[in-house]
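Working through the structure, step by step
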Amino acid sequence: MFPYLAAALNQQDSPALKVGGHMDHVHLLYRMSKNKIPSKVVGEIKARSSKWLKEEFEEMDGFAWQAGYGMFSVSSSLVDEVEEYIARQAEHHRTVTFKEEFRKFLRKYGVDYDERYVWD
C-alpha cells in the first residue's frame, strides 16, 4: 500500500517524501502541489487507493477510508525528523494508540475539535 500511495501522490503533482503508518492509519509526508487544493489531493489519493486495494486484494472488498483526515504543515527544517518519525511507526505504536496520538497533535497545535466528529 505505501508504494502505491507514494506513486499516487507523485501523480497528483505532490511529490512523496515518506509514506508509512501502522495498522489503522497512514502518514503521507509530501510537498504540496502549488496547483492543487490539498483536500482534493487527499480525496483523490483515498479514492484511487481504495479502488486499487479492492481490485488487487479480493478480501479487502469492504475496505473504506474514514471520511475525514488530519493535515499538518511541516517546516522544511523538520522534514528529516518527520521522516524518521514515520519510519518508526510500528515501534511507536506499541506504547501509544493512534487516537491518543492524534488527540495529542490536535492539542499541541491548538486545534479545537469535538470527539463526535473526529472518528468514523
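Residues numbered from 1 in each chain as written. Predicted model: local features only at pLDDT ≥ 70, side-chain atom pairs only at ≥ 80, totals over all residues. Heavy atoms only, no water.

In this section: the packing of helix α1 (residues 2-11) against helix α2 (residues 38-56). Taken N-terminus to C-terminus, the directions of α1 and α2 make an angle of 135 degrees; their axes are 10 Å apart at the nearest point. Accordingly, the angle class assigned to the pair α1 and α2 is oblique. Once α1 is placed against α2, the crossing between them reads as right-handed. Contacts between α1 and α2 involve Tyr4, Leu5, Ala8, Leu9 and Gln11 from the first element and Val41, Ile45, Arg48, Ser49 and Trp52 from the second. Classifying every residue of the contact of α1 with α2 gives seven nonpolar, two polar and one charged. (Axes fitted to C-alpha atoms, helices over the stretch in contact; angles between N-to-C directions. Helix = DSSP H or I, 4+ residues; strand = E, 2+ residues; numbered from the N terminus. Parallel < 35°, antiparallel > 145°, perpendicular 65-115°, else oblique. Left-handed = near helix turned anticlockwise from the far one by under 90°. Contact = heavy atoms within 4.5 Å. Nonpolar A, V, L, I, M, F, W, Y, C, P; charged D, E, K, R; others polar.)

This brings us to the environment of Gly21. With respect to the secondary-structure elements, Gly21 resides in strand β1 (residues 16-22). On the basis of relative accessible area, Gly21 is assigned to the buried category, the value being 14%. For Gly21, the contacting residues outside a window of four places in its chain are Phe2, Val26, His27 and Gln89. (Buried < 20%, exposed > 50% of the residue type's maximum accessible area, 1.4 Å probe, protein only.)

Before going further, it helps to spend a moment on helix α5 (residues 98-108). What α5 keeps buried is the set Phe98, Glu101, Phe102 and Leu106. Projected onto a plane normal to the axis of α5, the buried residues spread over an arc of 140 degrees and lie on a single side. Opposite the packed face of α5, turned more than 90 degrees from it, sit the exposed residues Lys104, Arg107 and Lys108. At the exit of α5 stands Gly110, carrying a positive phi of roughly 65 degrees. (Arc of directions from axis to C-beta.)

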